[in-house]
Amino acid sequence: MGVTKETVEATLTQKLQPTYLKVIDTSGGCGASFDVEIATAAFAGKRMLERHRVVNTALAEEIKDIHALSIRKALTPEQWEEQNAKPAASKRIRGFRMIALAMAILCI
C-alpha cells in the first residue's frame, strides 16, 4: 500500500514540529504524489534548497514509495505569519478604496 496523507503529516509533525502544516494528496488516493506547505523553526537561517532537504530527510522512508513531492511553501513561523497578515490588510484597504470610489461617483 502507498504512503498516506496522514503518514506524511505524522512524520513531518514528529520530526519538524511545524507551526503550520498542510499536506494534500494529489495522487487521487494512491499515495504517490503530495503537495506540502510547512512552517517550522527548523528552517531558521536556511536557504530554500536547504529547507527542501530538511523536509526530504524527514520523509526519507516515505520518499521511497512516493512518486512526486512538491514542497509549495517552506517557511519559518515568522515568515508564515508575515505572509498571512498582509492579504487581510490589503483586502480591507482595497475594499475601503472601492467604497470610497463608489461614493465619489454617486456624489458627482
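Bear in mind that the values here come from a model prediction, so they are computed numbers and not experimental data.

Caption draft 1: Structural context of the packing of aromatic side chains. Counting across every chain of the model gives 1 aromatic pair. Judged by centre distance (3.9 Å) and plane angle (20 degrees), the rings of Tyr20 and Trp80 are stacked. Of the two residues, Tyr20 sits in strand 1 (residues 20-25) while Trp80 sits in helix 4 (residues 77-107), which places them 60 residues apart along the sequence.

Caption draft 2: Just the sheet that holds strand 2 (residues 33-39), in detail. Taken together, the 3 strands give an open sheet; going across it, the order is 1-2-3, and neighbouring strands pair in mixed fashion. Edge positions in the sheet fall to strand 1 and strand 3 (68-75), since each of these pairs with one other strand and no more. Strand-to-strand twist of the sheet, defined as the mean angle between neighbouring strand axes without regard to direction, takes the value 10 degrees. Of the pairings in the sheet, the one linking strand 2 to strand 3 comprises 7 bridges and is parallel in character. Bridge pairing in strand 3 links Glu37 to Lys73. Strand contacts of helix 1 (residues 5-16): strand 1 and strand 2, with the helix running at about 155 degrees to strand 1, the strand carrying the most contacts. Taken strand by strand, helix 2 (residues 48-58) contacts strand 2 and strand 3, and its axis lies near 125 degrees from that of strand 3.

Caption draft 3: Inspection of helix 1 at higher detail. For helix 1, spanning 12 residues, the distance from its first C-alpha to its last is 16 Å, which sits close to the expected 16 Å at 1.5 Å a residue. When helix 1 is considered as a whole, its buried residues turn out to be Val8, Thr11, Leu12 and Leu16. The arc enclosing the buried residues of helix 1, seen along the axis, measures out at 95 degrees, which places them on a common side. With respect to the buried face of helix 1, the exposed residues turned more than 90 degrees away are Glu6 and Gln14. Its buried side turned inward, helix 1 meets strand 1, strand 2, helix 2 and helix 3 (60-63). Gln17, located one to two residues past helix 1, shows a positive phi value of around 40 degrees.

Cut-offs used in this document
Residues numbered from 1 in each chain as written. Predicted model: local features only at pLDDT ≥ 70, side-chain atom pairs only at ≥ 80, totals over all residues. Heavy atoms only, no water. Phe/Tyr/Trp six-rings, centres within 6.5 Å; stacked < 30°, edge-to-face > 60°. Helix = DSSP H or I, 4+ residues; strand = E, 2+ residues; numbered from the N terminus. Pairing = 2+ DSSP bridges. Axes fitted to C-alpha atoms, helices over the stretch in contact; angles between N-to-C directions. Contact = heavy atoms within 4.5 Å. Expected span 1.5 Å × (residues − 1). Buried < 20%, exposed > 50% of the residue type's maximum accessible area, 1.4 Å probe, protein only. Arc of directions from axis to C-beta.

Note that all results are geometric; they support no functional claim without further evidence.
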